[in-house]
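# Commentary on secondary and tertiary structure
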Amino acid sequence: EDYDLMFGWLKDSWGASGATAYAVPRRTVTADSVALLTADAVKKLATFWSRFQGESDEILASGRDANRTRILVPVNARQLILPMPDVPAMAAKYPAVAADLKAAGLTARQEEDYAVAIISAVASQRAGNVAGDAPAGSALAKNLEFLDAHQSEIGDLENTGMWADQ
């Protein structure tokens, strides 16, 4: 299941003796700097990932494997290193991915920002008190409230296969 993969890297990341022991992230996102989720953002992510799943095997397998990145993301009061597809790099290399982003109304950076935000919020929600509480008033705390209020949209996004190989 997708959640087994997600929590596998969660466990690995927290078990590391420091960020450099696991891998140096390309980017760091905090509870305050994570993008705010909106219904429009989730809909655009779902559109992109639905289109992306229809791409060639070269892009879905080889392209995604060859274009990976690591981002340090908040999970409640903790942080973890998130290995994920490097959509900006794939968009630069594959015109079809750039077209999928354009059709969804997203830039490559927006897709990454919103993907990090949704994964951070879902991981925070599922980790519960094991990871402490999200800082009050933070963007992450607001995203957790958004998840509670928009379960249907989140389910639609999950059904796109977005987390099939995070």
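The structure under discussion appears in the preceding block.
Model, not experiment: these values are computed from the prediction.

What the protein contains, in helices and strands, is 9 helices and 3 strands. Scanning the protein from its N terminus toward the C terminus, one meets helices and strands in the order α-α-β-α-α-β-β-α-α-α-α-α. By the burial criterion, 49% of the 166 residues in the protein qualify as buried. Sequence separation of at least 24 residues holds for 75% of the intrachain contacts in the protein that already meet a minimum separation of 6.

Strand-to-strand pairing in sheets goes through backbone hydrogen bonds, with the strands running parallel or antiparallel. Pairing in this open sheet of 3 strands is mixed, and the strands run β1-β2-β3 from one edge to the other. The two strands at the open ends of the sheet, each matched to only one other strand, are β1 (27–28) and β3 (78–85). Where strand β2 (residues 68–75) lies against β3, 8 bridges are found, and the strand directions are antiparallel. Looking at the pairing, Arg70 lines up with Pro83 of β3.

Basis of the calculations
Per-chain numbering applies: the sequence of each chain, read as written, is numbered from 1 onward. Local features in a predicted model are, by the rule used here, given only for residues with pLDDT of at least 70; side-chain atom pairs are given and counted only at 80 or more, and totals for whole chains, interfaces and linings are based on all residues. With hydrogens and water excluded, all non-hydrogen atoms of the structure serve as input to the side-chain values. In this description a helix means any DSSP run of H or I spanning at least four residues, a strand means any run of E spanning at least two, and both kinds are numbered starting from the N terminus. The classification of residues rests on relative accessible area computed with a 1.4 Å probe and restricted to protein chains. Under 20% of the type maximum is buried, over 50% is exposed, and intermediate values are partly exposed. What makes two residues a contact is simply this: any of their non-hydrogen atoms within 4.5 Å. What makes two strands pair is DSSP finding at least two bridges between them.

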